[in-house]
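Given next are the chains, with one letter for each unit.
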Amino acid sequence: MTMPGTVATLTVAGCRCVRISPDGTSVLTVGDEGIQVREASGGPVGWSRAWQVPAEFPVESVWGAGGDSVTVLTGGALRLLDAVTGADRPVPDELAGRSDVTALGLSHSGLTLAVGTREGIVLLWQQDTGRVTRLRGGGDPVSSLAWRPSGDELCVARPRSLQFWLLPAETMISSVDMGDVNPLRLAWAPDGDLIVVLGLRDVRVLSVMTRGESAPPLLTGGRPAGLGFSRTGAMLLVALPGGSVACFDRQLQPAEVLRSGRSAAVTEPAMLHVNETGLVAVRSDATTVTVFGLSDTALPDEGRRRAVALRRWAAGVARVTAPIERDAPSPVPSTLARRAGFAWTDDGWLLQERASGELSRFGADGQRRWVTPAGTGPLSGDTRFVAIGGADGRTTVLDAATGGPITVLAGTGPASWAPHALAVAAPRRRDILVYDLSWNVRTVPVPDGVGDPAWSPDGTTLAAASTNAIVVWDGRTLARTRRLEIGATSHPPAVLWSPDGARLAVGRTGGPVTVWNTGTWQAGRPMGRSAGDGRQALAWSPDSRLLAVPTMRPIGAVELWDARHGRLVLTVPPPPEGARPVSKIDWSADGRFAVVHDDGTVVRWAISVPPPQEDERPLPHPAPILATLVAATALRGTTVPLGLLGDLFALVLGRDAGPLAEFDGHPGIVLLRSLRWPPEAAVGLAVLVAAGLPAAPDLAPPADPTLEELRGAVEHALAGVALPAGSYQVPAAEILAELDTIDDSVLVLATLLGPAAVAAAPDLIARVRSQSFGGWSLAPPQRRLLGLRATVSTVGGSQGHGVGDTRGGIARHGELPSLLPSQLALPRAVLTAKKGRDELLFRTRQGDLPVEAQPVVLLLDDTPAAFGAVGVTLRVVANLLAGVAVRQHRRCALVQLSSSRVTFLTEMADLVHLWAGGAVERPDLPAALAAANGVAAQLSDPVNGLPRLLLLTHPYLPCASRPGLHVVRVHYPGIPVEDPSPRTHVIAPGADADTLHALIGDILASS
């Protein structure tokens, strides 16, 4: 065996409890400075909370199985904390009020936390459902709890006995009389064969099979203080009466490692801990905790440590926001029915017997008004009618007032009602059937398959989901008005309009719920993950503020999300009778709230929803935008408060910038807004300004992060938080200094990079800004030329014949005047079918050039003869040609005529090299051509051959014609010239877009 090695020494004053996370990346300590979580390797404190730790009570803590939560026992009471942020999590009422808890033990599956009390009661807290049950019996206080690693067996230590319980049958299978041993602590070997008992004066090993001692006891000559098995179970660590830690084998014989003991100061069992990876944490003295490994310790890999460090950093960023307040009283349940279907009416409710299909209507007084046989399918209705789906693809319609039958219609699933019509999916779910109130039917084809349709509250719009889109139709004409792409799904999601019609909720089973703004048809941030299936598993509050969503965990619970702010407001727990999946949520117009479970249990909940917080504002932008802002700024070495970044982004966009509104008219802001970039690209402009601000030293990210790592961690951390008003101090002087540096050179840089490249890499402008642009002052028309985007086809086929404003391509979406004339020859029925399937073809301006993208070697004249207007136009041409190749992932190279220096251009950021300052040397064309030939050989490949060579210069530089060389000459202002040489083009300085398009097309199309 090898000697143990110290991993970290942590400063913890007065430590009374230390626990290592299951993956070995983090350490929790409870001491004089409260509760702290930090990296196990000795990194900075992740979070810290002041905590009262009464000396007369035991202290204990248990990490959740996934390391996401920590249960802490102090003063006889339990608290559940978020392990990443330290925020409180809810504890079941059966446990929250107790002050006599003495022991904790988490099952190795992580699903059950056993809680022992001074009264001798053992409670079982189901971590997935929140349900709490009690083992039979009681009596003597519980001193320790231990779970068998490979099963559902629980050992309960009491002063004179050990009890073994088999769960979930909750049956005691044996009891061992311990005499005067008085068990204080238990440790179950990882293989499940042995259980070690720490007594008042000795340590004993019991065989689980025989329930008898398997080795002579270890007499300690006093009260031992703690124990724990190594990862493999080959070694047992014991804290001896003097406080030191010694190592023994399974027969309680001293092991070679730690034979002489390790100096420590363990006086309570919780001061020593060995986690699942074999890492050991021990209180070394009054002010330190030591983390060390044994010979069988498996340290966490670098990837896992990095993931935890990223989560902790992101939590620090998000902690500048305020956690959601949940001060509302707990929801109160009452069971209305069992094995039934259910729906609220305006003055009562409908109850549907699942076995017989009998439907009854009850009034507000609970008296039955009518009963009728109807069916066992989905139940839906309005003030006039009730619809019941059937297993045979038929829907029965009843009079809501009398229960009398009206008609039977084709259709499956729950019906949706409008003031003038009913909509239901066709039996094979390839069409929507829309019935007017005379029960005449119109068919709306949805070839991809359709979910349950949903009318807007006023009946003007109909929406339904297919397997890859949300489709919207005009409610009167049933003409399709919109198609919202949502990505491919195995089956159509659920859609549900808010009562005010301003939002449309879209929920995928097992996936996030997204709310679309029906005014802008923009999707909001995802809210939770829905465990429901179908439209009836979602419900809006009467005021359209909250959306109810069934949760994945715990099963049977329902979360209420603030749709505007995108945050969780309240969780309705599973019903007291036990957790069952949710099949329907019904929230009436007068606020009554009911949940129907898959076994037909109908539970009405009295809920009190917290009002919106007046002292806080929602996240100022969608969480993905804020996460990108934080991540890109952190990549530049700066992390500033989240509120400041959000307001800075709003300032760039010209929106309400809160405390930063004073900078609204600054020339730098005016210049940035003049780019008119979309929000996803404007993120890079905000990052450009923020990157120069002072960094908060306590918010530094882990070393060498990637944008994706940082962005993902921050977006996860921002779930369920709100931003307090005035949550940061405005660094006015620093912001002003940064804005003063925004000049024409920044616009040139931004324009040549382009919004697409900056949206893909938001730190791009800040990263390459160090390049010199002082010599280039471009007028707005010239900057617009830099923004041109010429695309090429990867297969060489032409999609059009025009450039500039002419239509030069084909698309499946467009306006009626751009419909291809050949489509008009189709029969009307075929034309209608193609329109419904998005198969019509339209001309578009976004056509491809009929060439293949190839690498290019640019020989750029950077000598004095090509300064001024000539140099600007030369660089515009070079920029456009290189951009074509780089966007098609073709490498390019730049060779300067003054020095023959070669610079490779592999990404859009490299194009800044085209705009470096000029040189005063004379051009050396032969040397530059030699360098170009050399680099061309490096860029060649068997498919595309050698790259194109392109010389960009003025009209008077001699250059003999040679195969493969193209020449672009820009004449001096007012002095036009001609050059008849082959593959030579002469253009004027300040050439317009059409001229440049034609020039680039000729160069790229030539063989």
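By the naming in an unreviewed UniProt entry, the chain is WD40 repeat domain-containing protein, taken from Dactylosporangium aurantiacum.

A. The arrangement of helix H6 (residues 679-690) in detail. The end-to-end C-alpha distance of H6, which contains 12 residues, comes to 16 Å, matching closely the 16 Å that a straight helix rising 1.5 Å per residue would cover. Residues Ala681, Ala682, Val683, Gly684, Leu685, Ala686, Val687, Leu688, Val689 and Ala690 constitute the buried set of H6.

B. Region of interest: the packing of aromatic side chains. On inspection of all chains with the given rule, the structure shows nine aromatic pairs. Relative to tryptophan 188, the ring of phenylalanine 164 has its centre 6.1 Å away and its plane inclined at 85°; by these criteria the two rings are edge-to-face. Residue phenylalanine 164 is found in strand E16 (residues 161-166), and its partner tryptophan 188 is found in strand E18 (residues 185-188); the two are separated by 24 residues along the sequence. Accessibility classification places phenylalanine 164 together with tryptophan 188 in one group, the buried group. Taking 5.6 Å as the distance between ring centres and 80° as the angle between the ring planes, the aromatic pair formed by phenylalanine 385 and tryptophan 439 counts as edge-to-face. One end of the pair, phenylalanine 385, is in strand E35 (residues 385-389); the other, tryptophan 439, is in the loop between strand E40 (431-436) and strand E41 (441-445), and 54 residues separate them in sequence. Connected via pairs of aromatic rings, a cluster forms that spans Phe342, Trp344, Trp349 and Phe362. The aromatic ring of phenylalanine 164 is capped on one face by arginine 211, whose charged end is 3.9 Å from the ring centroid. Taking NZ or CZ as reference, arginine 891 lies 4.6 Å from the ring centre of phenylalanine 904, over its face.

C. Up close: the sheet that holds strand E21 (residues 218-219). Here four strands make up an open sheet; going across it, the order is E18-E19-E20-E21 and the pairing antiparallel. Two strands bound the open sheet, and with one partner strand each, they are E18 and E21. Note that E18 and strand E19 (residues 194-198) share four bridges and pair antiparallel. Directly across from alanine 187, in E19, lies its bridge partner valine 196.

D. Structural detail: the pairing of strand E26 (residues 280-283). A two-sided burial pattern is seen for E26, the buried positions comprising Val280 and Val282 on one face and Ala281 and Arg283 on the other. The pairing of strand E25 (residues 272-274) with E26 spans three bridges and is antiparallel. Its bridge partner being in E26, leucine 272 is matched across the sheet by valine 282. Connecting E25 to the next strand, E26, in antiparallel fashion are five residues, including glycine 278 with a positive phi near 90°. A loop of four residues connects E26 with strand E27 (residues 288-293), the two strands running antiparallel in sequence.

E. Spatial organisation of the pattern of salt bridges. This model, assessed by the stated rule, comprises 30 salt bridges. Of the charged contacts in the structure, one is a salt bridge between aspartate 347 and arginine 361, with a shortest N-O distance of 2.9 Å. Here arginine 361 lies in strand E32 (residues 358-363) and aspartate 347 lies in the loop between strand E30 (340-345) and strand E31 (348-353), a separation of 14 residues in the sequence. A residue is classified by how much of its surface remains accessible, and arginine 361, at 9% relative accessible area, is buried. For the salt bridge of arginine 636 with aspartate 763, the shortest nitrogen-to-oxygen distance reads 3.6 Å. In this pair, arginine 636 sits in the loop between helix H3 (623-635) and helix H4 (642-653) while aspartate 763 sits in the loop between helix H10 (755-760) and helix H11 (764-768), placing the two residues 127 residues apart along the sequence. Residues participating in the shared-partner salt-bridge network are Asp346, Asp347, Arg361 and Arg369.

What counts and what doesn't
- Residues numbered from 1 in each chain as written.
- Predicted model: local features only at pLDDT ≥ 70, side-chain atom pairs only at ≥ 80, totals over all residues.
- Heavy atoms only, no water.
- Helix = DSSP H or I, 4+ residues; strand = E, 2+ residues; numbered from the N terminus.
- Expected span 1.5 Å × (residues − 1).
- Buried < 20%, exposed > 50% of the residue type's maximum accessible area, 1.4 Å probe, protein only.
- Phe/Tyr/Trp six-rings, centres within 6.5 Å; stacked < 30°, edge-to-face > 60°.
- Lys NZ or Arg CZ within 6 Å of the ring centre and 35° of its normal.
- Pairing = 2+ DSSP bridges.
- Salt bridge = Lys/Arg side-chain N within 4 Å of Asp/Glu carboxyl O.

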